[in-house]
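# Topology and contacts: notes
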Amino acid sequence: RDLSGGMQQRVALARAIVVKPEILLLDEPLSALDAKVRKKMQEELKRIHNELKINFILVTHDQEEALRLSDQIIVMSKGKIEQVGSPRNIYEHPNNQWVANFIGQANFVEVHYLGKGRIRIGDKTVNYPITNKELEMNMRRNSWFKLLVRPEDVTVCRNPNHAFMQMRITSVLYKGNVYEVKCIARDKTEITLQTNEHLKVNDKIGVRWDFKLATPIMPRKRDK
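Residues numbered from 1 in each chain as written. Predicted model: local features only at pLDDT ≥ 70, side-chain atom pairs only at ≥ 80, totals over all residues. Heavy atoms only, no water.

## Overview of the nonpolar core
- Counting 28 residues, the largest nonpolar core has Ile121, Leu147, Met165, Trp209 and Phe211 as the members making the most contacts within it.
- For this core, the secondary structure elements donating two or more residues are strand E5 (107-115), strand E6 (118-121), strand E8 (143-149), strand E10 (165-174), strand E11 (179-185), strand E12 (190-195) and strand E13 (204-208).
- The leading source of residues in this core is E11, at four residues.
- When sequence neighbours within four positions are dropped, the list of residues in contact with Met165 reads Val109, Ile121, Ala185, Asp187, Thr189, Ile205, Gly206, Val207 and Trp209.
- Of all hydrophobic cores here, the second largest spans 11 residues; its members include Leu13, Leu24, Ile54 and Leu69. (Core = buried A, V, L, I, M, F, W, Y, C linked by side-chain atoms within 4.5 Å. Buried < 20%, exposed > 50% of the residue type's maximum accessible area, 1.4 Å probe, protein only. Helix = DSSP H or I, 4+ residues; strand = E, 2+ residues; numbered from the N terminus. Contact = heavy atoms within 4.5 Å.)

Put into structure tokens, the structure is as follows:
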């Protein structure tokens, strides 16, 4: 009881690995630690895993922790597996909106497919490169789908002719290295973006993104 939380976690980990288990189950092992100690322990776990070559099964609700520590992630909802894959695959190519929303911050933009590679976003019509085979098979003229756009992939665009959507800023949060900006369009679409540019609440801005970084989201079959 005289040890700090981080030291207690180290002792518990040492007791677990000294018997050389084939599999080590870690159930929310770092949840009670403060942010700095938690990051140190994450580095310690990664080092131990690499050195001892023991299979770790880590249960966590911390998405950032899962992305940092895992070689393979299983995303579960209500006892069912939603997706299995590498951290990069899970983050960049989620199976559905639930996974996309659960892992990291996500913007979902409603898109109207007009046909012949043209889409409408808000009141803007633009060319859309169809690179997703499943989406292409399910696309019909005048159909709708959603695009997942991560905040770090959204660009502030001062020229309205180059912007996909015109928006009004509702919140600006300074996070040290970036500003986290929330904004809303006339159709009530909400976008969160990250920028180094100092913006103010109620400023009017345009936003755009690279379609190569935006993921089309298909509805889950059981949601239909």
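## Some thoughts on the packing of helix H1 (residues 5-17) against helix H2 (residues 35-52)
- Packing of H1 against H2 brings their axes to within 11 Å, and their N-to-C directions diverge by 15°. Considered as vectors, H1 and H2 are oriented roughly parallel to each other. Note on packing geometry: the crossing formed by H1 with H2 is right-handed. Contact with H1, carried on its side by Gly6, Gln9, Arg10, Leu13 and Ile17, involves Val37, Lys40, Met41, Leu45, Ile48 and Leu52 of H2 and no other residues of that element.
- Within the contact of H1 with H2, the residues separate by chemical class into seven nonpolar, two polar and two charged. (Axes fitted to C-alpha atoms, helices over the stretch in contact; angles between N-to-C directions. Parallel < 35°, antiparallel > 145°, perpendicular 65-115°, else oblique. Left-handed = near helix turned anticlockwise from the far one by under 90°. Nonpolar A, V, L, I, M, F, W, Y, C, P; charged D, E, K, R; others polar.)

## Observations concerning the environment of Lys212
- You can see Lys212 is positioned in the loop between E13 and strand E14 (215-217).
- Along the sequence, Lys212 and Tyr128 sit 84 residues apart, while their C-alpha atoms lie 9.9 Å from each other.

## Some words on the pairing of E8
- Buried residues dominate E8, accounting for five of its seven residues.
- Bridge count between E5 and E8: seven bridges; the pairing is antiparallel. Bridging across to E8, His112 finds its partner in Trp144.
- Here three bridges tie E8 to E14, and the two strands are oriented antiparallel to one another. Residue pairing across strands places Lys146 opposite Ile217, the latter belonging to E14. (Pairing = 2+ DSSP bridges.)

## Concerning a nonpolar patch on the surface
- Together, Ile23, Leu25, Ile57 and Val59 line one region of the surface with nonpolar side chains, adding up to about 370 Å² of accessible area.
- When residues of the nonpolar patch are traced back to their parent elements, those giving at least two are strand E1 (23-27) and strand E2 (55-59).
- Tracing the chain through its elements places Ile23 in strand E1. (Patch = residues over 30% accessible without salt bridge, like charges linked within 9 Å, V, L, I, M, F, W, Y side chains within 5 Å. Areas by Shrake-Rupley, 256 points an atom, 1.4 Å probe, with all protein chains shown as cover. Salt bridge = Lys/Arg side-chain N within 4 Å of Asp/Glu carboxyl O.)

## Regarding the pattern of salt bridges
- A complete count under the given rule lists eight salt bridges for this structure.
- The partner of Glu92 in a salt bridge is Arg88, with the nearest N and O atoms 3.2 Å apart. Of this pair, Glu92 and Arg88 both sit in helix H4 (residues 87-92), four residues apart, which is roughly one turn of the helix.
- Between Lys175 and Glu180 there is a salt bridge, with its nearest N and O atoms 3.4 Å apart.
- For Glu180, a relative accessible area of 8% translates into the label buried.
- Counted as one network, the salt bridges with shared partners bring together Arg38, Asp62 and Glu65.

Interpretation in functional terms is not warranted from these geometric data alone.
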